[in-house]
Amino acid sequence: MNRLAPLSTAARSDLRRARAVLTDIDDTLTTDGRVTAEAYTALEQLRAAGLLVVPITGRPAGWCDMIARTWPVDAVVGENGAFYFRYDEAARRMIRVYTDPSSRTEKRARLDALADRILAEVPGAAISADQPYREADLAIDFCEDVPPLPDAAVGRIAELFAEAGATAKISSIHVNGWFGSYDKLTMTRRCLAEQFSIDIDTAPASVVFAGDSPNDAPMFGFFPLSVGVANVLEQRDRCDNLPAFVTPSPRGQGFAELAAAILEARR
């Protein structure tokens, strides 16, 4: 399959068969750091049409609790696969499932020490402002609330994580690191199976995934209906896998274009 094909070339029959829409948040749903009315409405319309909607994000547990409770979504996978949350409206309780619930305290101490080393060795890097709300990983900001760092500095942050034995993933705004072998795909697999009886290994074409950055690469490589919003082209050299399709527009507008294509195919 040719990668980065225009979204308009995706088969309507394939879009019609989708049961779930998964999406990254930063620079996929958001534009200039905010979820636009257009993108949020697209989430509502997809869910109203009977599709499962699940954000798959690097954002922290604190944010994901709010997202699962208040957004028009069915669940959320957070911190690049450290957990999934699903709010059971009937029971009025949050379902929280973690990849590795037993060793977070020990790993946090190791990450805190690693943070000191990264900040000392990479001038201009900063601890992400959302770090206090994280449970499993360390987020190093390279352009969200700090002046953008050059690619070499971003690469060095990832190298420092690797040298410490941690997994590192680069998003459009942060380098996230953690101790463990999970990623967005591994927890997505578990979430969809346990909560919605969707086996992505036997039915990968039942899912559409939208993203924009290197930490989305496992999802891009797995799902036949993987879609990059147009700004993914800015990250193509960093991505191990590229999406099958790309929207005409970037960020939240691109996600809205994808939602419109799915909904049109279902009419």
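Residues numbered from 1 in each chain as written. Predicted model: local features only at pLDDT ≥ 70, side-chain atom pairs only at ≥ 80, totals over all residues. Heavy atoms only, no water.

A.B. asks: An account of the pairing of strand β14 (residues 225-228) is requested, with residue identities and associated values reported.
C.D. replies: Because side chains alternate across β14, one face comprises the buried residues Leu 225 and Val 227, and the other comprises Ser 226 and Gly 228, equally buried. Looking at chain direction, strand β13 (residues 207-211) and β14 are connected through four bridges and run parallel. The partner of Gly 211 across the bridge, within β14, is Gly 228. With helix α7 (residues 217-222) bridging β13 and the parallel β14, this β-α-β connection has right-handed handedness. In terms of strand pairing, β14 meets strand β15 (residues 245-246) through two bridges, oriented parallel. For Val 227, the partnering residue across the bridge sits in β15 and is Phe 245. (Buried < 20%, exposed > 50% of the residue type's maximum accessible area, 1.4 Å probe, protein only. Helix = DSSP H or I, 4+ residues; strand = E, 2+ residues; numbered from the N terminus. Pairing = 2+ DSSP bridges. Right-handed = clockwise from strand over helix to strand, strands pointing away.)

A.B. asks: Tell me about the packing of helix α2 (residues 37-48) against helix α8 (residues 251-266), residues and numbers included.
C.D. replies: Contact geometry for α2 and α8: axes closest at 8 Å, N-to-C directions at 25°. Between α2 and α8, the angle falls in the class roughly parallel. Crossing geometry of α2 relative to α8 is assigned as left-handed. Facing Glu 38, Ala 39, Ala 42, Leu 43, Gln 45 and Leu 46 of α2, the residues of α8 in contact are Gly 252, Gln 253, Phe 255, Ala 256, Ala 259, Ile 262 and Leu 263. Looking at side-chain class alone, the contact of α2 with α8 contains nine nonpolar, three polar and one charged residues. (Axes fitted to C-alpha atoms, helices over the stretch in contact; angles between N-to-C directions. Parallel < 35°, antiparallel > 145°, perpendicular 65-115°, else oblique. Left-handed = near helix turned anticlockwise from the far one by under 90°. Contact = heavy atoms within 4.5 Å. Nonpolar A, V, L, I, M, F, W, Y, C, P; charged D, E, K, R; others polar.)

A.B. asks: Describe in detail unusual backbone geometry, supporting the description with residues and values.
C.D. replies: Glycine aside, the phi torsion of most residues is negative, and most peptide linkages are trans. Its identity is not glycine, yet Asp 32 carries a phi of approximately 55°, on the positive side. Relative to the assigned elements, Asp 32 resides in the loop between β3 (30-31) and β4 (34-35). A residue is classified by how much of its surface remains accessible, and Asp 32, at 73% relative accessible area, is exposed. Phi is positive for Arg 92, close to 55°, though the residue is something other than glycine. One can find Arg 92 in the loop between β7 (83-88) and β8 (93-98). On the accessibility criterion, Arg 92 (70% relative accessible area) is exposed.

A.B. asks: For helix α3 (residues 61-70), give the residues involved together with the corresponding values.
C.D. replies: Taken together, the buried positions of α3 are occupied by Ala 61, Cys 64, Asp 65, Ile 67 and Ala 68. Projected down its long axis, α3 shows its buried positions confined to an angular sector of 165°, all on one face. Check the buried side of α3 and you find it contacts β5 (52-55), β6 (76-78), β7 and β8. (Arc of directions from axis to C-beta.)

A.B. asks: Give me helix α5 (residues 151-163): which residues, what numbers.
C.D. replies: Taking 1.5 Å per residue as the helical rise, α5 with its 13 residues ought to reach 18 Å, and the 18 Å between its terminal C-alpha atoms agrees with that figure. All of the buried residues in α5 are Ala 153, Val 154, Ile 157, Ala 158, Leu 160 and Phe 161. All buried residues of α5 lie within an arc of 155° about the axis, which places them on one face of the element. Facing away from the buried surface of α5 by more than 90 degrees, the exposed residues are Asp 151 and Ala 152. (Expected span 1.5 Å × (residues − 1).)

A.B. asks: Please set out the sheet that holds strand β9 (residues 126-127) residue by residue, giving values where relevant.
C.D. replies: Spatially, the four strands line up as an open sheet ordered β9-β10-β12-β11, and their pairing is antiparallel. At either margin of the open sheet sits one strand with a lone partner, and together these are β9 and β11 (167-170). Bridge analysis of β11 against strand β12 (residues 174-178) gives four bridges, and the strand direction is antiparallel. Bridged to Lys 169 within β12 is Asn 176. Against the sheet, α5 engages β10 (138-141), β11 and β12, with an angle of about 5° to β12.

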